[in-house]
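Chain and residue survey
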Amino acid sequence: MNTYVPSTAAEQQEMLRSLGAESIEDLLQSVPKHLRLNRALNLPPGASEVELRRALGKMAAKNANLDEHLCFLGAGVYEHYIPAVVPHLVKRSEFYTAYTPYQPEMSQGMLQAIYEFQTLMCQLTGLDIANASLYDGSTAVAEAALLAVGPTNGRGTIVTTRAMDPQYRQVLHTYAHARGFDVQEAALDVRTGTTDLESLNSLMDDDTAAVIIQQPNFFGALEDVHTIEKIVHREDALYVVAISEPFSLGVLEPPGAYGADLAVGEGMALGNPVSYGGPGVGFFAAKKDYIRRMPGRLAGKTVDNRGQTGYVLTLQTREQHIRRERATSNICTNQALVALAATVYLASVGKEGFRDASAQSLQKAHYAQQHISRIPGFHTAFSGHFFNEFAITCPMPIYDLNLWLAEHGFIGGYDLARSYPELENTVLFCVTETRSKDEIDAFVSALADISQTVGAHS
């Protein structure tokens, strides 16, 4: 036990005596015996730091990392180039160890960083206000639903679409079960890979509190956001747009331009590494009418009694540690470090740099899709327009496809049948600005080799 707990046997005995116990077993008496592990842990012997680092290095080498493999996987987590200035600033100790800035006189730097993050989210989404940040994109979607079905609304149904990220929908259903509102899902148009507008229209009634769509949607396809806006606001419901790939905002209309009331989503791709899919940073932007119904915190800019600029937590009225049982949200923190990386990234690349990265992602994805769809056995799954992700039907199971690709130095796409059983042998590929033309050509060539191999054995 001393190997893993930084206390000596004598110190343990001293702590036990102060508790009136003779052994650690005495402390566990309240735990029912059937819940205890009735066998010894098969732990390896203690190792030195050198031995441990060597062993962990061997284990890590078994993973397919992005330094050694070319990645064509997206599905909510995206590889984008991160300028060196981002990790350099984020890892400064005054940011790296900062906690929630309850005392403004001690936290001006962190409060300003949060304020700048909020400002950038407003600029990206075209909306009036944005909060400090939420846990991730899925909880941001759920919080938007909670705002819509709030106690003053009187409506109890959220309408979403099967074209939205399956994880977002799962979290939304979990919140709905706990909070007592209904979730209905519009069907998928299997021709375009977008929301079936007739299905969406049929679900709308006077109990619809909000409609939540994703743009681009989970398949990378672009929804008809203007037509959807008319359907939503005809019933006086809130129009919520979820965004999991923020780089799309470098080339597409911002949600505020087509009438969205709320824009929520995931900002991890802005200056943060893929890192096994997390941590994320949810963002939440809205029209100013909803400022007092938003979750989390709002940092504001003001002046002190000497006329100097200062930053404070302006609003945090929905949180449970402030309003307790009257709170309508349990969000009580923000992903400040991940949001800081997003802030530094956007500030360092600027408008033109961000637009360029977005445009490259768009162009390179279309180049890849055009060449992949010419390979025998590989066909474009949907006819709709897309940003940097696209679905391809393949001549073999996606598991086998990705296994073959991994053996040849590629990280393949997302198997859509995992979430959509009707899309068997359909894969979702992603291409960002990090891929060069030569790398895309090599990927296409690898898929062509697979096609020939499958054809030879069919």
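Structural notes, computed from the coordinates. Please read these numbers as outputs of a predicted model, since none were measured by experiment. (Residues numbered from 1 in each chain as written. Predicted model: local features only at pLDDT ≥ 70, side-chain atom pairs only at ≥ 80, totals over all residues. Heavy atoms only, no water.)

1. As for the nonpolar core
Judged by nonpolar contacts, the single largest core of 49 residues is most densely connected at Met121, Tyr239, Phe247, Leu270, Tyr345 and Leu346. Take this core: its biggest share by element is 11 residues, from helix α12 (residues 336-372). The contact partners of Leu270, leaving out residues within four places of it in the chain, are Met121, Leu124, Pro246, Phe247, Ala341, Ala342, Tyr345, Leu346 and Phe354. With 34 residues, the next largest nonpolar core counts Ala140, Val149, Ile158 and Leu238 among its residues. (Core = buried A, V, L, I, M, F, W, Y, C linked by side-chain atoms within 4.5 Å. Buried < 20%, exposed > 50% of the residue type's maximum accessible area, 1.4 Å probe, protein only. Helix = DSSP H or I, 4+ residues; strand = E, 2+ residues; numbered from the N terminus. Contact = heavy atoms within 4.5 Å.)

2. A few points about helix α13 (residues 398-407)
Burial in α13 covers these residues: Ile398, Leu401, Asn402 and Leu405. Taken down its axis, α13 places every buried residue within 90 degrees of arc, on the same side. For α13, exposure combined with an orientation more than 90 degrees from the buried face picks out Tyr399 and Glu407. (Arc of directions from axis to C-beta.)

3. Quick word on the side chain of Ser244
Checked against the element boundaries, Ser244 lands in the loop between β8 (238-243) and β9 (262-266). A polar contact of 3.1 Å, which involves the side chain of Ser244, links it to the side chain of Gln214. If sequence neighbours within four positions are ignored, Ser244 has contacts with Gly76, Tyr78, Tyr168, Gln214 and Glu266. (Polar contact = N/O pair within 3.5 Å; in protein donor to acceptor, adjacent residues only side chain to side chain.)

4. Things to note about the packing of helix α7 (residues 137-148) against helix α8 (residues 166-179)
At their nearest, the axes of α7 and α8 sit 8 Å apart, and the two run at 40 degrees to each other. On the basis of the axis angle, α7 is oblique to α8. Once α7 is placed against α8, the crossing between them reads as right-handed. In this structure, α7 uses Gly137, Ser138, Thr139, Val141, Ala142, Glu143, Ala145 and Leu146 to contact α8, whose residues at the interface are Gln167, Tyr168, Val171, Leu172, Tyr175 and Arg179. Of the residues that constitute the contact of α7 with α8, the class distribution is 8 nonpolar, 4 polar and 2 charged. (Axes fitted to C-alpha atoms, helices over the stretch in contact; angles between N-to-C directions. Parallel < 35°, antiparallel > 145°, perpendicular 65-115°, else oblique. Left-handed = near helix turned anticlockwise from the far one by under 90°. Nonpolar A, V, L, I, M, F, W, Y, C, P; charged D, E, K, R; others polar.)

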